[in-house]
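Take a look at the letters that make up each chain.
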Amino acid sequence: GYFGRLNWNWDEKYFLSGSYRRDASSRFHPDNRWGNFWSASAAWVISKEDFMDDADWVDMLKVKASFGQQGNDNIGNYYAYLDQYTVTGADGVFADGTLVYKGNPELTWEKSNAYNIGADFSLFKGKLSGTIEYFGRQTSDMLYYKSVALSNGYADIPVNIGSMTNSGVEIELNATPIKNRNFKWDIYANATFQQNKINELAPELNGEY
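Criteria and cut-off values
Sequence order as written defines residue numbering, which begins from 1 separately in each chain. The model is predicted, so local features are restricted to residues of pLDDT at least 70 and side-chain atom pairs to those at 80 or more, both for listing and for counting; the totals for chains, interfaces and linings are taken over all residues. Side-chain numbers come from the whole structure's heavy atoms, not from hydrogens or water. Throughout this description, buried means an accessible area under 20% of the type-specific maximum (1.4 Å probe, protein chains only), exposed means over 50%, and partly exposed covers the range between. Segments assigned H or I by DSSP are reported as helices when at least four residues long, segments assigned E as strands when at least two residues long, and all are numbered from the N terminus. Paired strands are those between which DSSP finds at least two bridges. The patch calculation keeps residues exceeding 30% relative accessible area without a salt bridge and links them within 9 Å when they carry like charges or within 5 Å when they are nonpolar (Val, Leu, Ile, Met, Phe, Trp, Tyr). Methods summary: accessible areas were calculated by the Shrake-Rupley approach with a probe of 1.4 Å, and residue burial reflects only the protein chains presented. Between Lys or Arg on one side and Asp or Glu on the other, a salt bridge is scored when a side-chain nitrogen of the former is within 4 Å of a carboxyl oxygen of the latter. Residues counted as positive are Lys and Arg, residues counted as negative are Asp and Glu, and His and the chain ends are not counted. We put the charge of a Lys on NZ, of an Arg on CZ, of an Asp on CG and of a Glu on CD. Structural elements are reduced to axes, namely lines fitted to C-alpha atoms, with helices fitted over the stretch in contact, and the angle between N-to-C directions of any two is expressed from 0 to 180 degrees.

Asker: Which parts of the structure should I look at to understand the pairing of strand E1 (residues 2–10)?
Answerer: A regular strand carries its side chains on alternate faces of the sheet. Across the nine residues that make up E1, only a small minority, zero, are buried. Pairing analysis gives nine bridges linking E1 to strand E2 (residues 14–24), with the strands arranged antiparallel. Counted as the bridge partner of Leu6 is Gly18 from E2. The antiparallel pairing of E1 with E2 creates a hairpin that spans three residues between the two strands, and Asp11 there sits at a positive phi of about 60°.

Asker: Would you mind going over a negative patch on the surface with me for this structure?
Answerer: A cluster of acidic side chains, namely Asp50, Asp53, Asp54 and Asp56, defines a negative patch on the protein surface. Mapped onto the elements, Asp56 comes out in the loop between strand E3 (34–45) and strand E4 (58–72).

Asker: Is there a simple way to explain the sheet that holds strand E13 (residues 162–179) in this structure?
Answerer: Hydrogen bonding along the main chain pairs the strands of a sheet, whether they run parallel or antiparallel. With antiparallel pairing, the eight strands of this open sheet are ordered in space as E1-E2-E3-E4-E9-E10-E13-E14. Two strands in the sheet have a free side with no partner beyond their single neighbour: E1 and strand E14 (184–201). Direction aside, the axes of adjacent strands within the sheet are offset by 5° on average. As paired strands, strand E9 (residues 110–123) and strand E10 (residues 128–140) are joined by 13 bridges and run antiparallel to one another. Its bridge partner being in E10, Gly118 is matched across the sheet by Glu133.

Asker: I tried to follow the pattern of salt bridges on my own but got confused; where do I start?
Answerer: Side chains bearing opposite charge may pair, as long as their charged atoms lie close to each other. Within the structure shown, the criterion is met by nine salt bridges. A salt bridge links Lys64 to Glu133; its shortest N-O distance comes to 3.7 Å. One end of the pair, Lys64, is in strand E4; the other, Glu133, is in strand E10, with 69 residues separating them in the sequence. With relative accessibility at 17%, the residue Glu133 sits in the buried group. In this structure, Lys102 and Asp83 form a salt bridge, with 3.3 Å as the shortest nitrogen-oxygen distance. Of this pair, Lys102 sits in the loop between strand E8 (98–101) and E9 while Asp83 sits in the loop between E4 and strand E5 (84–86), and the two are 19 residues apart along the sequence. Residue classification places Asp83 among the partly exposed residues on the basis of a relative accessible area of 34%. Here the salt bridges do not stand alone but share partners, grouping Lys62, Lys64, Asp120 and Glu133 into one network.

As structure tokens, then:
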């Protein structure tokens, strides 16, 4: 595989980052072996802008966003696109092979697009801080072992079965309502709201997997 990354920031106020990778996997047929994946992110520290000078109750305010692609080849078998056999014999003579693994030359990378947008903040001299973030992940060409009739001579076959989306909101809050020489009271809270949706399944699965 190949990998490259670039980071840039200006005045600790504007941040950009990007990466690219190209990977190959022996689990897939040579026609499907290579996958290309990239990511990009940006952040803006608004609290460092001149127009925020009068907002002395804001210690730090940053908005951020990112998008990234990932590939997954975790299907278990190192040569999942090939039919695989066991061969037995004696006295140097080999008998016919027995199929022990049914490969799929159409198999390809499972791909995920992950994205998020959110904000980090600290207010009132650190008495209230936290993060609010919307996130999502769309996965396509999901890898799966599809069960088949044993009369075929094998129990399952590796396939790309479809796509699904995970999305939600995550909130983390930290508060220090009381802080003095003798006593400090910290409060921490977080919550996550998430939704999962199957977008598509391979037609041959008939809506089941």
